[in-house]
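# Descriptive structure summary
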Amino acid sequence: HERLKGDVRSPLRHRDRLALPMPPRDQARGEIGGAEGAGDPQAHTPYAIDVNAGWRLPFTGLLCKQPPYGGIRVIDIATGQQPQFNAERSVGIVFNGEIYNYQALMAELKGLGYAFRTKSDTEVIIHAYEQWGIDCLEKFRGMFAIALWDGRARELWLVRDRIGIKPLYYANPDGRFIWGSEIKVLLQHPAITAKLNAQALPHYLTIMMPPAPTTMFEGVQKLEAGHTLRITRDGTITKRPWWSLLD
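Cut-offs and rules
- Residues numbered from 1 in each chain as written.
- Predicted model: local features only at pLDDT ≥ 70, side-chain atom pairs only at ≥ 80, totals over all residues.
- Heavy atoms only, no water.
- Axes fitted to C-alpha atoms, helices over the stretch in contact; angles between N-to-C directions.
- Helix = DSSP H or I, 4+ residues; strand = E, 2+ residues; numbered from the N terminus.
- Parallel < 35°, antiparallel > 145°, perpendicular 65-115°, else oblique.
- Left-handed = near helix turned anticlockwise from the far one by under 90°.
- Contact = heavy atoms within 4.5 Å.
- Nonpolar A, V, L, I, M, F, W, Y, C, P; charged D, E, K, R; others polar.
- Salt bridge = Lys/Arg side-chain N within 4 Å of Asp/Glu carboxyl O.
- Buried < 20%, exposed > 50% of the residue type's maximum accessible area, 1.4 Å probe, protein only.
- pLDDT = per-residue confidence, 0-100.
- Core = buried A, V, L, I, M, F, W, Y, C linked by side-chain atoms within 4.5 Å.

### Overview of the packing of helix 1 (residues 102-111) against helix 2 (residues 121-132)
Describing two packed helices takes the angle between their axes plus the distance from one axis to the other. It is the contact of helix 1 with helix 2, at a shortest axis distance of 10 Å, that shows an interaxial angle of 45 degrees. The orientation of helix 1 relative to helix 2 falls into the category oblique. As helix 1 packs across helix 2, the resulting crossing turns out to be left-handed. Contacts from Tyr-102, Leu-105, Met-106, Glu-108 and Leu-109 in helix 1 reach Asp-121, Val-124, His-127, Ala-128, Gln-131 and Trp-132 in helix 2. Along the lines of polarity and charge, the residues of the contact of helix 1 with helix 2 split into seven nonpolar, two polar and two charged.

### Topic: the pattern of salt bridges
Summed over the entire model, instances satisfying the criterion amount to five salt bridges. Residues Lys-184 and Glu-182 are paired through a salt bridge, measuring 3.5 Å at the closest nitrogen-oxygen approach. Glu-224 is paired through a salt bridge with Lys-239; the nearest N and O atoms lie 3.1 Å apart. Of this pair, Glu-224 sits in the loop between strand 12 (220-222) and strand 13 (227-231) while Lys-239 sits in strand 14 (residues 237-241); the two residues are 15 residues apart in sequence, bridging distant segments of the chain. Given a relative accessible area of 16%, Glu-224 falls into the buried group. Note on Lys-239: relative accessible area 33%, which makes it partly exposed.

### Looking at the confidence of the model for the chain
A residue-level look at the chain finds 68% of positions with pLDDT of 70 or above and a mean pLDDT of 74. Of all helices and strands in the chain, the one with the weakest mean pLDDT is strand 1 (residues 2-3) (32), whereas helix 1 scores best (98). A low-confidence stretch, residues 1-72 (pLDDT under 50), is modelled with 184 contacts involving residues beyond four sequence positions or located in other chains.

### Comments concerning the nonpolar core
With 24 residues, the main nonpolar core has Ile-99, Ile-125, Phe-140, Phe-144 and Ile-146 as its most contacted residues. For this core, the elements supplying multiple residues, two or more each, are strand 7 (91-99), helix 1, helix 2, strand 8 (142-150) and strand 9 (155-160). Considering every element that reaches this core, the biggest residue donor is helix 2, with five residues. Those residues in contact with Ile-99 that lie beyond four places of it in its chain are Leu-105, Asp-121, Ile-125, Phe-140, Arg-141 and Phe-144. Ala-145, Ala-147, Trp-149 and Tyr-170 belong to the second largest nonpolar core, which has 13 residues in total.

And the structure:
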């Protein structure tokens, strides 16, 4: 990263760093979300948490961090802020990464009648999901960690790219569901404590990192590469691979 004045850095190439200006190094950053009462479809109250300022903001369906210093954007800096929604606000997304073939997909979706308000790959994911459902993942070429809220079905999808370039962590403490692109963001939640996962220690001592879904923190898991995690309206959590090297 290019060093700018003070503790502010310029994330010119990395979408997992916020696009304008950065918080100090000693502050957590990234997205965090949660659904209160994961087993009760009437208790899914979406909210956003800013881990630096400590405020929460309810909004339709999607659960994520809404930072005061700018959203996550690399492609289409002017209008590519996140979270993004479709026109009806029934599908929403926060997205870390880049879809390399987004321009070809945008042209295909325009041919199918979809209108675009931005030039971003984020909006391509939204309309691709509207057209092809979760099978749209097969069309994406890139690196990505995605949280997508389907307001019609009242379900949340977490997705990680084929070989796991972009990380995605989650926890499910006390009927809540919380996720983020960094573990230190999850640790800002009062329901999660920084307690060592003793079962992961042998992995760390032999290969310097525990394999997914294990992490060094008890109760925190990492979504495996090439996997989706789906939370339905009744609170059921289903995880499955959507890609395999053997396919």
